[in-house]
Amino acid sequence: MKMTLANKITLTRAALSIVMFLFILMPCGWARLVATLIFIVAASTDWVDGKIARETNTITPFGAIVDPFVDKILVAAAFFAFVGIKELDVPIWAVFFILLRELMVSTLRVIAALEGKVMAAERWGKFKTVIQMTAIGIIFFVLDVYHLSHLLTGCAREVCVFLFVLLCKIPYAITAIAAVITWVSAVSYLKNNWDLLKKSWSLPCK
């Protein structure tokens, strides 16, 4: 059977995440501006693939499991790269806790799959993803303002310098907020899947 269009878009998002990561790592300003555009496209496909799958009735177990996993790749790629840019001051502790939560929930999904179940995304999980994507978008904006202050000249450069001074503390704060909301969603997942987790670590009755 052929792969559905929605799943193809999901895998495309994974590929775009890797390309975005590589462009962020390039120290030149134009590359990071390109990375911003790649992120916008990649984040948009998260809505597109779900909409297509629902409207064409092509929701698959592969998509249900891989789609949220690919979202985690996109988030991890961006935050990992941001930590390495000293001008942003993205807190590594917050990134660590974000990734820890994502690994934990991914483990829950694997346990559910072993039990023959598909763990659907919860409301808190979807809200968490929106917050993470919004945080990444804002950090990209701050990064772009920083690089434009070096690429432009004259009044435009002065405006960008002024904006960066105003915005330079935002990446730290918004990453910390994203980490807190991420862990609120983790508590929700643990609470709603506690019976499944207990079953997975217990020996079967003889």
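Placed above this text is the structure.
This is a predicted model, so every value here is computed, not measured.

Considerations on the pattern of salt bridges
Phase 1 of the analysis: A full pass over the atoms with the stated rule returns ten salt bridges.
Phase 2 of the analysis: As a salt-bridge pair, Asp49 and Arg13 come within 2.8 Å of each other at their nearest N and O atoms. Taken as a pair, Asp49 in helix α2 (residues 29-55) and Arg13 in helix α1 (residues 5-25) lie far apart in primary sequence, 36 residues in all. The same class applies to Asp49 as to Arg13, namely buried.
Phase 3 of the analysis: Overlapping salt bridges bring together Arg13, Asp46, Asp49, Asp67 and Asp71 as one network.

Here's the deal with the environment of Ile131
Phase 1 of the analysis: Within the fold, Ile131 resides in helix α5 (residues 123-151).
Phase 2 of the analysis: Sequence separation between Ile131 and Ala178 is 47 residues, and the spatial gap between their C-alpha atoms is 6.1 Å.

Considering the side chain of Ser17
Phase 1 of the analysis: In this fold, Ser17 is placed in helix α1.
Phase 2 of the analysis: For Ser17, a relative accessible area of 0% gives the class buried.
Phase 3 of the analysis: Look past the residues within four positions of Ser17 in its chain and what remains in contact with it is Ile73, Leu74 and Ala77.

Quick word on the nonpolar core
Phase 1 of the analysis: Core analysis: the largest hydrophobic core is formed by 36 residues, its most contacted members being Met20, Ile24, Phe79, Phe82, Leu88, Ile136 and Phe140.
Phase 2 of the analysis: At the level of elements, α1, α2, α3 (61-83), α4 (92-114), α5, α6 (154-167) and α7 (170-192) are the ones that each hand at least two residues to this core.
Phase 3 of the analysis: Here this core takes nine residues from α5, the largest share from any one element.
Phase 4 of the analysis: With residues up to four places along the chain from it excluded, the contact list for Phe82 reads Ile24, Leu88, Val90, Ile136, Ile139, Phe140 and Leu143.
Phase 5 of the analysis: Listed in part, the eight residues of the second largest apolar core include Leu108, Ile111, Ala112 and Met119.

Definitions and limits used
Residues numbered from 1 in each chain as written. Predicted model: local features only at pLDDT ≥ 70, side-chain atom pairs only at ≥ 80, totals over all residues. Heavy atoms only, no water. Salt bridge = Lys/Arg side-chain N within 4 Å of Asp/Glu carboxyl O. Helix = DSSP H or I, 4+ residues; strand = E, 2+ residues; numbered from the N terminus. Buried < 20%, exposed > 50% of the residue type's maximum accessible area, 1.4 Å probe, protein only. Contact = heavy atoms within 4.5 Å. Core = buried A, V, L, I, M, F, W, Y, C linked by side-chain atoms within 4.5 Å.

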